[in-house]
Amino acid sequence: MIDILYFAWLRERIGLPRESLATEAATVAELIAELSMREERYRLAFSDLAAVRVAVDQTMVEFDAPLKGAREVAFFPPMTGG
Amino acid sequence: MVVRVQAADFDLAAELSDFGLGAGAVVTFTGLVRDHDQGGLREMLIEHYPAMTEPALTAIEARAKSRWNLADSLIIHRFGALKPGDRIMMVATAARHRGDAFQAAEFLMDYLKSRAPFWKKEITDKGESWVAAKDSDEAAIDRWS
């Protein structure tokens with residue numbers, strides 16, 4: 001099982017802050033494809049990946065990053081701290 | 001080197017009263033909630049990724065320390081519902097000379113903008129919207145590479 005977290009407008013569009021998923025996805029991109037197949041709200045949330053960032057186990061990665069051994073994947077828009 | 005992420009406000013004078021003692025130069029920056037460009041801001045909601053926030057801030061601080069000769073540094077960033085004029089965050093740097101303190105403070109601010117997992121939502125009289133990251137935020141980081 002992998003924990004998937006959503007922040008900011010991704011959380012709002014998908015409608016939940018986190019969920020656990022049993023997945024065979026080997027990469028972040030495969031996970032996004034799997035989620036997008038599930039329901040329209042996921043497909044819409046991930047329709048423009050230029051506006052989405054991802055962290056695996058709290059470290060920012062690219063979409064082709066592997067998920068082997070990962071416990072937590074977080075999706076969010078570009079950060080706006082400060 | 002201290003990093004704090006908190007909902008509560010902070011007292012600038014109290015934070016700085018014994019910060020950088022003996023260092024020679026202390027630079028501080030405080031970010032406040034500013035009104036929306038079209039006015040009418042009621043509230044700013046700041047969301048963050050708790051498991052990642054402190055590690056990310058600590059990593060940013062470590063980069064600053066490896067680059068400049070810093071005696072000390074402090075980062076405080078708030079989350080939750082804030083009002084116009086409220087303090088959002090502060091950075092302070094202490095160094096023997098002001099050049100290191102000023103540059104490190106600017107570096108910390110540039111990295112906090114787009115490498116610390118915070119997201120801001122503005123609630124105005126007309127509705128609500130997430131604050132978008134700016135291209136200039138990335139450009140600000142590029143200048144340090």
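Keep in mind that this is a model prediction, so the values were computed, not measured.

Draft legend 1. Main features of the pattern of salt bridges. Applying the stated criterion to the full structure yields 14 salt bridges over all chains. In this structure, R87 of chain B engages D9 of chain B in a salt bridge whose closest nitrogen and oxygen atoms are separated by 2.9 Å. A residue pair is termed long-range when its members are at least 10 positions apart, and R87 of chain B in strand β6 (residues 87-95) and D9 of chain B in the loop between β1 (2-6) and α1 (12-16) qualify at 78 residues. Judged by its relative accessible area of 30%, R87 of chain B is partly exposed. Classification of D9 of chain B as partly exposed rests on a relative accessible area of 40%. Overlapping salt bridges, with partners in common, bring together E12 of chain A together with K121 and E128 of chain B in one network.

Draft legend 2. Spatial organisation of the side chain of K121 of chain B. Structurally, K121 of chain B can be placed in strand β7 (residues 118-124). Given the relative accessible area of 6%, K121 of chain B is considered buried. Leaving out residues up to four positions away in the same chain, K121 of chain B has contacts with E12 of chain A together with E43, M44, L45, E128, S129 and W130 of chain B.

Draft legend 3. Quick peek at the sheet that holds strand β3 (residues 41-48) of chain B. All names here are of chain B. One open sheet accounts for four strands, arranged β5-β3-β7-β8; its pairing is antiparallel. The open sheet has two free edges, formed respectively by β5 (80-82) and β8 (127-130), since each of these has just one partner strand. The mean inter-strand angle of the sheet, taken between neighbouring strand axes irrespective of direction, is 20°. Looking at chain direction, β3 and β5 are connected through three bridges and run antiparallel. Its bridge partner being in β5, L45 is matched across the sheet by A81.

Draft legend 4. Molecular detail of helix α2 (residues 50-67) of chain B. Residue and element names in this part refer to chain B. Here α2 is 18 residues long and its end C-alpha atoms lie 27 Å apart, about the 26 Å a rise of 1.5 Å per residue gives. When α2 is considered as a whole, its buried residues turn out to be M52, T53, A56, L57, I60, E61 and A64. Viewed end-on, α2 has its buried residues packed into an arc of 160°, placing them on one side of the element.

Draft legend 5. How the structure looks around the packing of aromatic side chains. Under the defined criterion, the tally for this structure stands at 12 aromatic pairs over all chains. Aromatic side chains F107 of chain B and Y111 of chain B sit 4.5 Å apart centroid to centroid with 35° between the ring planes, which places their arrangement in the tilted category. Taken together, the positions of F107 of chain B and Y111 of chain B, both in helix α3 (residues 98-115) and four residues apart, correspond to about one turn of that helix. A relative accessible area of 7% means that Y111 of chain B is categorised as buried. An aromatic cluster of at least three residues, connected via ring pairs, comprises Y6, Y42, F46 and F75 of chain A. If you follow R87 of chain B out to its NZ or CZ, it ends over the ring of F10 of chain B, 5.9 Å from the centre.

Draft legend 6. Expanded view of the interface of chain B and chain A. Contact residues are listed per partner, giving 24 residues for chain B and 19 residues for chain A. Carbon and sulfur atoms make up 60% of the area that chain B and chain A hide from each other, which totals about 1,700 Å². The tally of links between chain B and chain A comes to two salt bridges. Between the two partners, chain B and chain A, sit 12 residue pairs in polar contact (both at pLDDT 80 or more). Among the secondary structure elements, those contributing two or more residues to the side of chain B that touches chain A are β3, α2, β6, α3, β7 and β8 of chain B. Broken down by element, the residue count for the side of chain B that touches chain A peaks at five residues, all from α3 of chain B. Looking at the side of chain B that touches chain A residue by residue, the class counts come to 15 nonpolar, three polar and six charged.

Criteria and thresholds
- Residues numbered from 1 in each chain as written.
- Chains lettered and ligands numbered in written order.
- Predicted model: local features only at pLDDT ≥ 70, side-chain atom pairs only at ≥ 80, totals over all residues.
- Heavy atoms only, no water.
- Salt bridge = Lys/Arg side-chain N within 4 Å of Asp/Glu carboxyl O.
- Helix = DSSP H or I, 4+ residues; strand = E, 2+ residues; numbered from the N terminus.
- Buried < 20%, exposed > 50% of the residue type's maximum accessible area, 1.4 Å probe, protein only.
- Contact = heavy atoms within 4.5 Å.
- Pairing = 2+ DSSP bridges.
- Axes fitted to C-alpha atoms, helices over the stretch in contact; angles between N-to-C directions.
- Expected span 1.5 Å × (residues − 1).
- Arc of directions from axis to C-beta.
- Phe/Tyr/Trp six-rings, centres within 6.5 Å; stacked < 30°, edge-to-face > 60°.
- Lys NZ or Arg CZ within 6 Å of the ring centre and 35° of its normal.
- Buried area = accessible area lost by both parts, 1.4 Å probe.
- Polar contact = N/O pair within 3.5 Å; in protein donor to acceptor, adjacent residues only side chain to side chain.
- Nonpolar A, V, L, I, M, F, W, Y, C, P; charged D, E, K, R; others polar.

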